[in-house]
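Inside the fold
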Amino acid sequence: MTRHLDPDETGLKRAAEMLRRGGLVSFPTETVYGLGADASDDEAVARIYEAKGRPSFNPLIVHLPDAEAVEALCMMDDTARRLAAAFWPGALTLVLPIRPYAGISKLVTAGLDTLAVRVPDHPLAQALLRETARPVAAPSANPSGRVSPTTANHVLAGLAGRIEAVLDGGPCGVGLESTILDCTGVTPALLRAGGLPAEAIEACLGVPLAPPPVTPATAPSAPGQLSSHYAPKGTVRLDATETEPGETYLGFGPLGAEMNLSRSGDLVEAAANLFDCLHRLDALGAERIAVAPIPDHGLGRAINDRLRRAAAPRR
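To keep things clear, this report deals only with the structure shown in the data block. (Residues numbered from 1 in each chain as written. Predicted model: local features only at pLDDT ≥ 70, side-chain atom pairs only at ≥ 80, totals over all residues. Heavy atoms only, no water.)

Topic: the packing of helix 2 (residues 42-52) against helix 9 (residues 267-284)
The geometry of a pair of packed helices is captured by two quantities: the angle between their axes and the separation between those axes. Here is the rule we go by: Comment: axis = line fitted to C-alpha atoms, over the contacting stretch for helices; angle = value between 0 and 180 degrees taken between N-to-C directions. Think of it this way: any DSSP run of H or I at least four residues long counts as a helix, any run of E at least two long counts as a strand, and we number them from the N terminus. A clockwise turn of the near helix away from the far one marks a right-handed crossing, whereas an anticlockwise turn of less than a right angle marks a left-handed crossing. By definition, residues are in contact when any of their heavy atoms lie within 4.5 Å.
Remark: helix 2 packs on helix 9, axes separated minimally by 8 Å, with the N-to-C direction vectors making an angle of 115 degrees. In the packing of helix 2 onto helix 9, the handedness of the crossing is right-handed. Contact with helix 2, carried on its side by Asp 42, Glu 43, Ala 46, Arg 47 and Glu 50, involves Val 268, Ala 271 and Ala 272 of helix 9 and no other residues of that element.

This is the structure:
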């Protein structure tokens with residue numbers, strides 16, 4: 001049962017406690033209601049994809065209380081700091097290089113070396129982030145493909161029974177997702193138009209924004225872009241019920257192996273373990289990888305989507 005929490009001290013503390021122990025809590029921002037989870041907890045983040053029915057492991061935006069908290073996780077240059085000073089807290093997401101050992105789940109970054117971050121301008125969101133004292137990954141709190149929610153009732157209409165709670169902060173002021181900039185190049189690039197007009201950003205920078213890539217050649221650095229794969233160094237063969245000579249096996253359920261996505265056949269656990277297992281296969285120097293069949297329903301569809309991309313012919 002999804003709890004409806006009031007925006008008082010009791011509701012705030014209960015929401016923060018749920019997040020700290022791996023639960024999913026929807027909360028208001030100035031843009032839309034987000035579906036929050038502890039960004040350092042693989043299984044909690046995997047449950048975001050399960051609850052939303054998200055079709056693939058796209059990067060997620062991490063919400064933080066201030067620019068100082070962002071700099072603890074990401075590297076910011078002078079341009080990024082100028083944008084942060086001008087527009088945070090606010091409806092601006094920056095894609096920045098992530099620091100080594102930042103402790104963020106690879107399901108949040110989709111295996112990339114960048115992190116999408118923002119500082120929301122909503123008093124209840126700010127209070128929740130400070131009370132939780134964890135980085136909070138939060139896409140919009142709606143089933144994938146549906147209209148983004150701007151009230152707690154919108155959230156409940158789509159996700160009741162799938163998440164622990166919604167913290168009701170009333171209607172969102174902006175009602176449109178954040179603007180996303182890629183700040184990893186010489187000139188920031190607009191990846192997604194949103195609640196902060198591009199003209200205001202260009203006026204701050206004194207230069208035009210670079211256009212978004214038409215077809216990203218690599219994995220997406222933020223929501224709203226085309227998906228790509230995190231490919232291990234070795235070749236990948238899917239739906240393997242047994243290994244061939246020279247292959248390393250990645251198991252699932254009863255098709256056991258020393259490295260197993262989930263021995264119990266739990267798709268949430270498998271999703272949480274996926275990127276870690278692929279990195280471990282690289283560390284082992286596996287040149288040929290055989291992967292057990294994964295059920296193609298629920299979260300399994302997202303797992304298979306990522307695996308198919310990992311198995312695609314290399315350029």
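What follows continues from the structure just given.
Examining the packing of helix 1 (residues 9-20) against helix 6 (residues 123-132)
Applied cut-off: Between 65 and 115 degrees an angle is taken as roughly perpendicular, under 35 as roughly parallel, over 145 as roughly antiparallel, and anywhere else as oblique. Gly is placed with the polar residues, together with every amino acid not listed as nonpolar (Ala, Val, Leu, Ile, Met, Phe, Trp, Tyr, Cys and Pro) or charged (Asp, Glu, Lys and Arg).
Two numbers describe how helix 1 lies on helix 6: the axes approach to 9 Å, and their chain directions differ by 50 degrees. Classed by the angle they form, the pair helix 1 and helix 6 counts as oblique. When the axes of helix 1 and helix 6 are compared, the crossing they make is right-handed. Where helix 1 abuts helix 6, its residues Leu 12, Lys 13, Ala 15, Ala 16, Leu 19 and Arg 20 lie against Leu 124, Ala 127, Leu 128, Glu 131 and Thr 132. Here the contact of helix 1 with helix 6 is built from residues that sort into seven nonpolar, one polar and three charged.

Considering the side chain of Asp 182
Let me state the cut-off plainly: Relative accessibility thresholds used throughout: buried, under 20% of the residue-type maximum; exposed, over 50%; partly exposed, between the two (1.4 Å probe, protein chains only). Only four residue types enter the charge count: Lys and Arg as positive, Asp and Glu as negative, with His and the chain ends excluded. Whenever Lys or Arg places a side-chain nitrogen within 4 Å of a carboxyl oxygen from Asp or Glu, that contact is recorded as a salt bridge. The definition of a polar contact used here is a pair of N or O atoms within 3.5 Å, where within protein one atom must be able to donate a hydrogen and the other to accept one, and adjacent residues in sequence count solely through side-chain atom pairs.
Note on placement: Asp 182 falls in strand 9 (residues 179-182). Buried and unpaired, Asp 182 has no salt bridge, with Arg 192 as the nearest side chain of opposite charge at 13 Å. Side-chain polar atoms of Asp 182 contact the side chain of Thr 184, separated by 2.6 Å.

Concerning the sheet that holds strand 13 (residues 259-260)
For clarity, the cut-off: For two strands to count as paired, DSSP must find a minimum of two bridges between them.
One open sheet accounts for four strands, arranged 11-14-12-13; its pairing is parallel. For this open sheet the edge positions go to strand 11 (235-237) and strand 13, each flanked by a neighbour on one side alone. Bridge count between strand 12 (residues 248-251) and strand 14 (residues 288-291): three bridges; the pairing is parallel. Each residue of the ladder has a partner; that of Thr 248, found in strand 14, is Ile 289.

Overview of the pairing of strand 5 (residues 92-97)
Most of strand 5 is tucked away: five of the six residues are buried. Judged from the four bridges that link them, strand 5 and strand 9 form a sheet pairing that is parallel. Paired with Leu 92 across the two strands is Thr 179, which belongs to strand 9. As judged from the four bridges shared by strand 5 and strand 6 (residues 114-118), these two strands associate in the antiparallel manner. By the bridge assignment for strand 6, Leu 96 is matched with Leu 115.

With respect to the pattern of salt bridges
Applying the stated criterion across every chain yields a total of ten salt bridges. Residue Glu 244 is joined to Arg 288 by a salt bridge in which the shortest nitrogen-to-oxygen separation is 3.3 Å. Taken together, the residues Glu 244 in the loop between strand 11 and strand 12 and Arg 288 in strand 14 connect sequence positions 44 residues apart. Note on Arg 288: relative accessible area 33%, which makes it partly exposed. We note a salt bridge from Glu 247 to Arg 288, for which the minimum N-O separation is 3.8 Å. Residue Glu 247 is found in the loop between strand 11 and strand 12, and its partner Arg 288 is found in strand 14; the two are separated by 41 residues along the sequence. It is possible to trace a salt-bridge network through shared partners that takes in Arg 237, Glu 244, Glu 247 and Arg 288.

Topic: the environment of Thr 248
With respect to the helices and strands, Thr 248 occurs in strand 12. For Thr 248, a relative accessible area of 28% corresponds to the partly exposed category. Between the alpha carbons of Thr 248 and Glu 287 there is a distance of 8.0 Å; along the sequence they are 39 residues apart. Residues in contact with Thr 248, not counting those within four places in the same chain, are Leu 281, Ala 286, Arg 288, Ile 289 and Ala 290.

The quantities given are spatial measurements derived from coordinates; they are silent on function.
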